Every structure is written in structure tokens, then in C-alpha cells.
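Overview (structure and organization)
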Amino acid sequence: RDSTSPDFDTFVQGYVTEKNFGDSSVLYIEIDGQMVFGTRDVLSGVRKFPKEYSEEISEQSYEEEWGPSSIALHDRDKVVRAYWYDIAQVSVVVALFAAGSLSFSGYLRKELVHPIERMLEKVQAFAQDPLQPLKKTSDSSHREIVIIENSLVQFGTLLQVAYGEAGAKVISAGLRNKGELMDHHGKIVKAFFGFCDIRNFTDLTEVLQQQVVKLVNCVAVVVHEAVCLSDGAPNKNIGDAFLMVWKPKGSRSASEVADASLRSYIRIIIEISRNKVLDKWAKAPEIQARLPGFRVKLGFGLHFGWAIECAIGSPRKIDASYLSPHVNLASRLESATKIYGAELLLSVDTYRLLSSSVQGLCRLVDRVTVKGSIRPMELYTYDVPIIQSLGGYIDDSIDVEEPELSHQEFFRKLGPRTPARWRKQFHEAVQLYLGGEDGKKANWVKSRSLLKECLRTEPNDGPSLALLDFMDTTGQVDGTAPANWAGYRALDQK
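Owing to the predicted nature of the structure, the values given are computational and were not obtained by experimental measurement. (Residues numbered from 1 in each chain as written. Predicted model: local features only at pLDDT ≥ 70, side-chain atom pairs only at ≥ 80, totals over all residues. Heavy atoms only, no water.)

Looking now at the pairing of strand β7 (residues 241-246). The element β7 is largely enclosed, with a buried count of six among its six residues. Of the two faces of β7, both are covered, the one formed by Ala 241, Leu 243 and Val 245 as well as the one formed by Phe 242, Met 244 and Trp 246. When strand β5 (residues 187-198) meets β7, the two strands line up antiparallel, connected through six bridges. Within the sheet, the bridge partner assigned to Phe 195 lies in β7 and is Leu 243. (Buried < 20%, exposed > 50% of the residue type's maximum accessible area, 1.4 Å probe, protein only. Helix = DSSP H or I, 4+ residues; strand = E, 2+ residues; numbered from the N terminus. Pairing = 2+ DSSP bridges.)

Here's what the structure looks like:
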């Protein structure tokens, strides 16, 4: 114990080495109040560790052997085992947490992220092409998300129905946040513009009152379906009238689209004539009392020209439509069908774009100027065949919806109700009535004679009756054309 002894340091170092070699560590040795190894400060450092580590420190007294003395030992083996136990415990917790996180992350991606991404993809695709078909999601495992997604699809479908093809740019600009929609300039397009109108609509409205809406919508279904099947697009529903548009695009030539637009009209006329719902409306006692023998009929005008496809309106109300005198001209042609007693009238611009075989099935009716235009133009019509139940020759159940049927096959199947020889005789009468480009060669006397012959076989032919009436009211006493006849007549009504 004598610290001055030469062997004392050797003894202490040997003792420390012996203890450290085992499963303990010597922290300090104090003899007679003198610190011969380590310091007590080491205890405070060790006791900063968790309790279970510091509890492995033992302070022992060796007074009998060394006198007043104490030694602090730390059980290193137990501490190491405790450390490894805690590391294993923490590792298990971390692994469970990681597995739980991955599982929850996968659940979130499946139940929330993927459906939201799917919705965003639909919105982005719709912004790129607002006319693409939209399909609802049938997935039943994410009820709330699917409800939201299908609501977006329904909203997009309503936008398509409300704005139509002309509104594609409006929808796209709105979804892309491209500024005020009214700031976008229009786009000039060339297209076939069709206008049709329900006959006797004022009388129908007065008789049916609010029920007339059902009749109009029944007609709209027939009109819109026929137009869409022929690659056209309904644009406006204006009470008793409908505006339709057929645009040549892609690989479809103007001639092909012209045939398609006329095909639409023929299909509509036949479908309307045999529609049982419309027939029931027409036979209602209150309607027959007001309009004896009434049947639901429409008049059609078709013209080809340019127009500005644009959004019209203000931030409070926007319409997508077409601005052009050519659109108005289609409306004038429809109105003129009432003068000529014809179901449809085609402008010469439309006629020239029809395929040659279909041109041969049409007949020239007159040359006119319409209100708002000083350019004389020829008018043509197509004598749509009549179903057997109404006195015609085609079967009532004939299929006019066959999309795989080419235009040429369609027109062979549903050719004009008037024979080619009759149309040729009528054409001669019209040429004599017109008298060339300037009207100088007009021979109204002979024209009248030919038209009357035409009426012998077709007594209700509207154009024949209209031309005879015009010549009777404007011709001279001897039956010849007036001196100022220039080969056309003016149609002043809208």
C-alpha cells in the first residue's frame, strides 16, 4: 500500500490489467484518499448513459486489505450484451416501420395516387383533344375517387354536347388556362353548312304548349344521329331549327363530304316519315283539328363556303359557332324550300362538289339571288324516295343506317323517287325558263307546256308548281318572259 514503494505502480498496473482482461473495466482506484488510477469524473460520464448501463458500475471497498480504499469496476460484458440487445430491438422496430411504410405507401398509391393520376391524365388528354370519346370508370374498389372521376367525365361530356365541334378550341383554351377565351381570334374553315326547320312550328307550339319540347327533342335525336353518322357535327339548336356542319378533313375529300351531307338529309327525311313517336304526336286530335292531315316534316338547306369558327360572347355567356354570310345562305335555302314545295335545296356550290354519279340524281330547280347577296346561283334538289305506307315504293323497314354502305351503294339503294326520263324533261323546261346566263333565250311558253306535262305524272311536284306560278304572275300577257328578264329571280324573304 505504500505508494512510494517501487513495486506499488507495478502492482496497480497488474491489477488493472487483470481486471480489464476479464469481463470488467477498472474505472478508478483510490487508496488512502489518493487517486492512484483513473478519476472519479469518469463515473459522471458513464452515468450519462441509460440507467441499465450505469447500473453495471460497482464501487468496492478493500479496507481490510489496503486500508481506506475503493475501486470502481464496470461490468463490460453485460453492457456489451445490453447494447447488442438494444441494437437488435431497434433493428426490428426499424424493419417493421419500413415494412409498414412500404405497405402503406403501396396502399396510398393504389387507393389514392393512381386514381388521381388517372384523373389528371384524362383532364390533360381532354385539354389536348376535347372531342375525344370519354368513358366512365367501372372500378368499384375506390368508391369516392371513382365518383369524382366519373363526375369529371360527365362534366366533360356535357361540355362536348354544349359546345360541339366548333367549341373544341374554347374547351381546350379553358382547360389550359390560356387567358380570356374571347381574346382568341377565330379560325377560317371551309365546310358544308346545313340548316333545317320544323314545318308549322308556330301552330304546334300554340296547340301543344310546353309539350312541344318533347316533339322538338324527338326530331333532334333523329337529326343529330344522322349528321354524326355521316361525320358531321350538330352546332346549334335554335328552337324549331338546327344548324349542322360537315368539314372536309384528313383524307376525306370535299366530294366525299358533300355526298355524306346529302346522305344525312335523305336519312333524316325517311326516318322522320316513319318515326312512330312523331306520328303519334301528329295524329293527336288537337293537332289534326288545327292542321288537318298534318305530318311532321322538315325543310333543309345545304351550302358550301367559308366561315369563321369562333367563340362568341362574354365571360358571362359564350357560344361556339360560325360567322359567315355562307351560314346565313344555308338558312335562306331552307326558307326557300317553302316557296318551291321541296324538302331540300342545294346551292350550286354544294352541287358542284357532289360526285358525278350523285349529281346525275339531282335536278336543277331555279336560278336566284337571295337576300344579302347579289350573285345569282342555281338551286338544286333531290327527290327523296317515299316509304310504301305513305304511297312510295321503298319498304317501310328499309335500313338507312348502314355505316358500312358506301355512298354510291346508298344512292343506288335510295335513288330519287322521280324517274330519270321525267327529270330530263323537267330540266329542259327549266332551261327554257331561264333562257341562258342572261335570260335572252327564254321561252316561257314552251317551258310552261313541258312543266304541265311533268305535272301529269307528278301532280304534286312543288318546283313545277312554283315555276308555273312565278311565270303566270310575272310573265307578259302573251305568256312570254318580261322584257327585263335576266335569267334569274330574286328571293327577298329571309
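There's more to say after this.
This next bit is on the environment of Asn 484. Counting through the fold element by element, Asn 484 comes out in the loop between α19 (462-474) and β13 (489-491). Sequence-wise, Asn 484 and Gly 439 are 45 residues apart; in three dimensions their C-alpha atoms are separated by 8.8 Å.

Turning next to α19. Across its 13 residues, α19 extends 18 Å between first and last C-alpha, which sits within 8% of the 18 Å expected from 1.5 Å per residue. Residues of α19 that are buried: Gly 462, Pro 463, Ser 464, Ala 466, Leu 467, Leu 468, Phe 470 and Met 471. (Expected span 1.5 Å × (residues − 1).)

Taken residue by residue, the protein gives an average pLDDT of 83. The fraction at 70 or more is 76%. Long-range and interchain partners of residues 47-57, a stretch whose pLDDT sits below 50, account for 21 contacts in this model, where long-range means more than four residues apart. (pLDDT = per-residue confidence, 0-100. Contact = heavy atoms within 4.5 Å.)

Together, Phe 104, Tyr 107, Leu 108, Leu 112, Ile 116 and Leu 120 line one region of the surface with nonpolar side chains, adding up to about 550 Å² of accessible area. Here Ile 116 lies in helix α5 (residues 76-128). (Patch = residues over 30% accessible without salt bridge, like charges linked within 9 Å, V, L, I, M, F, W, Y side chains within 5 Å. Areas by Shrake-Rupley, 256 points an atom, 1.4 Å probe, with all protein chains shown as cover. Salt bridge = Lys/Arg side-chain N within 4 Å of Asp/Glu carboxyl O.)

In this structure the tally under the stated criterion is 14 aromatic pairs. Each member of the aromatic cluster is reached from another via a ring pair, and the members are Tyr 433, Trp 444, Phe 470 and Trp 485. A cation over a ring is seen here: Arg 363 above Phe 426, with NZ or CZ 4.5 Å from the ring centre. (Phe/Tyr/Trp six-rings, centres within 6.5 Å; stacked < 30°, edge-to-face > 60°. Lys NZ or Arg CZ within 6 Å of the ring centre and 35° of its normal.)

Bringing the pattern of salt bridges into the picture now. Overall, the coordinates contain 20 salt bridges when judged by the stated rule. Note that Arg 417 is salt-bridged to Glu 343, the shortest N-O span being 3.7 Å. You can see Arg 417 sitting in the loop between α16 (407-413) and α17 (420-434) and its partner Glu 343 sitting in the loop between α13 (325-340) and β10 (344-347), a full 74 residues away along the chain. Where Asp 366 meets Arg 489, a salt bridge forms, and the shortest distance between an N and an O atom there is 3.9 Å. With a gap of 123 residues between them, Asp 366 in strand β11 (residues 363-370) and Arg 489 in strand β13 connect regions that are remote in the sequence. Assigned by exposure class, Asp 366 and Arg 489 land together as buried. Each of Arg 267, Glu 271, Arg 274 and Glu 401 takes part in salt bridges that share partners, so that together they form one network.

Along the chain, the position of Ser 347 falls in strand β10. A distance of 2.8 Å separates the side chain of Ser 347 from the side chain of His 303, its partner in a polar contact. The contact partners of Ser 347, leaving out residues within four places of it in the chain, are Leu 302, His 303, Phe 304, Leu 333, Met 377 and Glu 378. (Polar contact = N/O pair within 3.5 Å; in protein donor to acceptor, adjacent residues only side chain to side chain.)

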